[in-house]
Amino acid sequence: MAINSHAAMKGKNKIRASPYFAAVLATALLAACTTPAPPLPTVPAVDLGRYSGTWYEIARLPNRFQAMCVSDTRATYQPDGKGVLVVNECRTADGRIEQATGVAKQVEGSDGAKLRVSFFRPFYGDYWILELDPDYRWVLVGEPGRNYAWVLAREPVLDEATLEKLLARATALGFERQAFLRTPHTRSPH
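Everything numeric in this text was worked out from a predicted model, so none of it was measured.

1. Brief notes about the packing of aromatic side chains
- Within the structure shown, the criterion is met by six aromatic pairs.
- When the ring of tyrosine 148 is compared with that of tryptophan 150, the centres are 6.4 Å apart and the planes differ by 20°; the resulting orientation is stacked.
- An aromatic cluster of at least three residues, connected via ring pairs, comprises Tyr51, Trp55, Tyr77 and Tyr127.
- The side chain of lysine 105 reaches across the aromatic face of tyrosine 124, ending 4.4 Å from its centre.

If you want it as structure tokens, here you go:
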């Protein structure tokens, strides 16, 4: 019995549309139609030596990697050779302190205003300094996709007027103001 090899090959090359393929294609087409967010401006320069030390989280956009944090969230930055050692910690609902240690490196040409941070090398995330107090008492940090943002301060409490100013700035930059969560602090900073 002879097999028509042309017909057999034709059947193998045929692509069948599946619901999964259709959904992926539709998602890709919708994504292509959306307007990209405008570029996210940062402060002109950051003195990473002055930026070093402890920062308390005052507010944040919810994210999966901090889902277990309920209070006392803070980050400590320390110069480490060509980069910055990063230690994040927070209190969980059962009272335990969770800690994560990572590294940050300065993005070339950003004069310290853009960092790439990693807690799981080789994966890095953007950490851009969007607003910074001239005396390095508070900061607004975010990333260009506007999915993550934090308001940090040198003390566990930030006056309401300054917090409102930073949340208004975050909104002007395209972050969702109503989504920010305030971070309670239950222990003394000293």
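2. Examining the nonpolar core
- Membership of the largest hydrophobic core comes to 20 residues, with the highest contact counts inside it found for Tyr51, Tyr77, Tyr127, Leu132 and Leu152.
- At the level of secondary structure, the elements contributing two or more residues to this core comprise strand S2 (69–80), strand S3 (83–92), strand S5 (114–120), strand S6 (123–132), strand S7 (138–142) and strand S8 (149–153).
- Ignoring any residue separated from it by four or fewer positions in sequence, one finds leucine 152 in contact with Tyr51, Trp55, Tyr56, Glu57, Ile58, Tyr77, Tyr127, Arg137, Trp138, Val139 and Val141.
- Counting 19 residues, the second-largest nonpolar core is a separate cluster that includes Leu40, Ala153, Leu166 and Phe180.

3. Quick notes on the side chain of glutamate 143
- Secondary-structure assignment places glutamate 143 in the loop between S7 and S8.
- Salt bridges are absent for the buried glutamate 143, whose nearest opposite-charge side chain, arginine 146, sits at 7.6 Å.
- Among the polar contacts made by the side chain of glutamate 143, one reaches the main-chain amide nitrogen of arginine 146 at a distance of 2.8 Å.
- Leaving out residues up to four positions away in the same chain, glutamate 143 has contacts with Leu40, Asp126, Tyr148 and Phe175.

4. Side note on unusual backbone geometry
- For the bond running from arginine 121 to proline 122, omega is 20°, close enough to zero to count as cis.
- Its location among the elements puts proline 122 in the loop between S5 and S6.
- In this model, arginine 146 sits at a positive phi of 60°, which is unusual for a non-glycine residue.
- By secondary structure assignment, the location of arginine 146 is in the loop between S7 and S8.
- You can call arginine 146 buried: its relative accessible area is 11%.

5. Some points on the layout of surface pockets
- Of the pockets and cavities examined, the largest pocket occupies roughly 840 Å³.
- As for the largest pocket, its lining consists of 30 residues, of which Phe65, Asn88, Val117, Phe119 and Trp150 are closest to the centre.
- Only S2, S3, strand S4 (97–106), S5, S6 and S8 provide two or more residues apiece to the lining of the largest pocket.
- Of the residues that constitute the lining of the largest pocket, the class distribution is 17 nonpolar, six polar and seven charged.

6. Focus on the state of the cysteines
- Scanning the entire structure with this criterion turns up one disulfide.
- Here cysteine 69 connects covalently by a disulfide to cysteine 90, the sulfurs 2.1 Å from one another. One quick way to see it: the torsion about the S-S bond of cysteine 69 and cysteine 90 is about -70°, and its sign makes the bridge left-handed. You can see cysteine 69 sitting in strand S2 and its partner cysteine 90 sitting in strand S3, a full 21 residues away along the chain. Comparing cysteine 69 with cysteine 90 shows no difference in burial state: the two are buried.

7. Thoughts on the pairing of S3
- Across nine bridges, the pairing between S2 and S3 is antiparallel. Its bridge partner being in S3, proline 79 is matched across the sheet by valine 84.
- Between S2 and S3, which pair antiparallel one after the other, the connecting turn spans two residues, and glycine 81 there sits at a positive phi close to 70°.
- Linking S3 back to S4 in an antiparallel pair, the connection comprises four residues, with glycine 95 at a positive phi of about 90°.

What counts, and where the lines are drawn
- Residues numbered from 1 in each chain as written.
- Predicted model: local features only at pLDDT ≥ 70, side-chain atom pairs only at ≥ 80, totals over all residues.
- Heavy atoms only, no water.
- Phe/Tyr/Trp six-rings, centres within 6.5 Å; stacked < 30°, edge-to-face > 60°.
- Lys NZ or Arg CZ within 6 Å of the ring centre and 35° of its normal.
- Core = buried A, V, L, I, M, F, W, Y, C linked by side-chain atoms within 4.5 Å.
- Buried < 20%, exposed > 50% of the residue type's maximum accessible area, 1.4 Å probe, protein only.
- Helix = DSSP H or I, 4+ residues; strand = E, 2+ residues; numbered from the N terminus.
- Contact = heavy atoms within 4.5 Å.
- Lys, Arg positive; Asp, Glu negative; His and termini not counted.
- Salt bridge = Lys/Arg side-chain N within 4 Å of Asp/Glu carboxyl O.
- Polar contact = N/O pair within 3.5 Å; in protein donor to acceptor, adjacent residues only side chain to side chain.
- 1 Å grid on protein atoms, 1.4 Å probe; cavity = no way out; pocket = protein on both sides within 12 Å on 5 of 7 lines; lining within 4 Å.
- Points joined across faces, edges and corners; volume = space filled by probe spheres on them.
- Nonpolar A, V, L, I, M, F, W, Y, C, P; charged D, E, K, R; others polar.
- Disulfide = S-S within 2.5 Å.
- Pairing = 2+ DSSP bridges.

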